[in-house]
Amino acid sequence: MDRVPAQILIKCTNFAALKHSKQRRKDREQTPYINHPIGVAYILTEEADITDLDVIQAALLHDTVEDTNTTFEELEETFGSAVTNIVREVTDDKSLPKAERKLQQIEHAPHSSPKAKLVKLADKLYNLRDLNRCTPNGWTENRVQEYFQWSANVIKGLRGTNKKLECELDVLLKQRGVLEL
Ligand SMILES: Nc1nc2c(ncn2[C@@H]2O[C@H](COP(=O)(O)OP(=O)(O)O)[C@@H](OP(=O)(O)OP(=O)(O)O)[C@H]2O)c(=O)[nH]1
């Protein structure tokens, strides 16, 4: 029997919640990590009017391989290749040194698929808003500013994908006086 959207989305949400269950965000309140992927999916549905189920599923699952013991094979078996390939596109290679990883995001952004670009734009929007809400433990003001600048360089390669998300990001970048290099 065909599964309806509610079943598909709750399956993803439950999978991500179990995988991220022991993780917390870096903010003072140590917010449960799952708030982030759910928030990214929420930005896509509520602010960007995205209804594509593959995109919403990928948003819910986008940090499972990068930040938990989840493998791409596990995602393929559980959610299929369309969703897994989007997650693959937005997953950093954590075996690389951080500077290299950050550079790769800038380089890969313009070559991503439109669906992966949507997830990336919403991910960046969530993280930049989060930085304005609360500075992560141990971050200096300079590190926050550097994160905004680096994000602007990634966002440059994602443009032409979704007007609403890009406008929201522009407001945040402008407030910080950040220009795209
Ligand atoms: N703003 C903010 N970010 C937090 C918080 N807790 C965890 N993060 C995560 O931290 C990452 C940014 O921190 P960095 O020091 O630059 O990167 P790293 O954790 O990957 O080494 C983001 O990872 P990411 O999702 O992989 O995104 P990206 O930075 O690679 O795009 C973000 O989701 C928080 O409280 N506030």
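Under an unreviewed UniProt entry, the name given to the chain is Guanosine-3',5'-bis(diphosphate) 3'-pyrophosphohydrolase MESH1, and the source organism is Lingula anatina. What the UniProt record of the chain gives under Cofactor (unreviewed entry) is the line "Mn(2+)".

(A) Up close: the side chain of arginine 25. Note that arginine 25 resides in the loop between helix H1 (5-19) and helix H2 (35-47). Within the local environment of arginine 25, its side chain forms a polar contact with the side chain of asparagine 127, the two groups lying 2.8 Å apart. Other than its neighbours up to four places away in sequence, arginine 25 contacts Gln30, Thr31, Pro32, Tyr33, His36, Tyr126, Asn127 and Asp130.

(B) Representation of helix H8 (residues 114-133). The terminal C-alpha atoms of H8 lie 29 Å apart, and with 20 residues this matches the ideal 28 Å at 1.5 Å per residue to within 8%. Taking burial as the measure, the 20 residues of H8 include 15 buried ones, the bulk of the element.

(C) Fine view of the pattern of salt bridges. All chains considered together, the criterion is met by 16 salt bridges. We note a salt bridge from arginine 129 to glutamate 47, for which the minimum N-O separation is 2.7 Å. Of this pair, arginine 129 sits in helix H8 while glutamate 47 sits in helix H2, and the two are 82 residues apart along the sequence. By relative accessible area, arginine 129 is classed as partly exposed at 27%. Taking the shortest distance from any N to any O, the salt bridge between aspartate 52 and lysine 115 comes out at 2.9 Å. With a gap of 63 residues between them, aspartate 52 in the loop between H2 and helix H3 (53-61) and lysine 115 in helix H8 connect regions that are remote in the sequence. On the accessibility criterion, aspartate 52 (27% relative accessible area) is partly exposed. By relative accessible area, which is 31% here, lysine 115 ends up partly exposed. Linked through salt bridges whose partners overlap, the residues forming this network are Arg25, Asp27, Glu29, Asp130 and Arg133.

(D) Highlighting the site of the ligand. Around the ligand, a shell composed of 22 residues is seen, among which Lys26, Lys98, Lys124, Arg143 and Tyr147 lie nearest. Contact distances for the ligand include 2.6 Å between an oxygen atom and a side-chain N or O atom of lysine 98. Asparagine 127 is positioned such that a nitrogen or oxygen atom in its backbone is 3.2 Å from a nitrogen atom of the ligand. Out of a free accessible area of 670 Å², the ligand has 91% covered by protein chains. Where the shell around the ligand is concerned, the elements lending two or more residues are helix H7 (98-108), H8 and helix H9 (141-156). Top contributing element to the shell around the ligand by residue count: H8, with 5 residues. Of the residues contributing to the shell around the ligand, the split by class is 6 nonpolar, 3 polar and 13 charged.

What counts, and at which threshold
Residues numbered from 1 in each chain as written. Predicted model: local features only at pLDDT ≥ 70, side-chain atom pairs only at ≥ 80, totals over all residues. Heavy atoms only, no water. UniProt positions renumbered as here; feature names shortened; annotations may be inferred. Helix = DSSP H or I, 4+ residues; strand = E, 2+ residues; numbered from the N terminus. Polar contact = N/O pair within 3.5 Å; in protein donor to acceptor, adjacent residues only side chain to side chain. Contact = heavy atoms within 4.5 Å. Expected span 1.5 Å × (residues − 1). Buried < 20%, exposed > 50% of the residue type's maximum accessible area, 1.4 Å probe, protein only. Salt bridge = Lys/Arg side-chain N within 4 Å of Asp/Glu carboxyl O. Near = heavy atom within 4 Å. Areas by Shrake-Rupley, 256 points an atom, 1.4 Å probe, with all protein chains shown as cover. Nonpolar A, V, L, I, M, F, W, Y, C, P; charged D, E, K, R; others polar.

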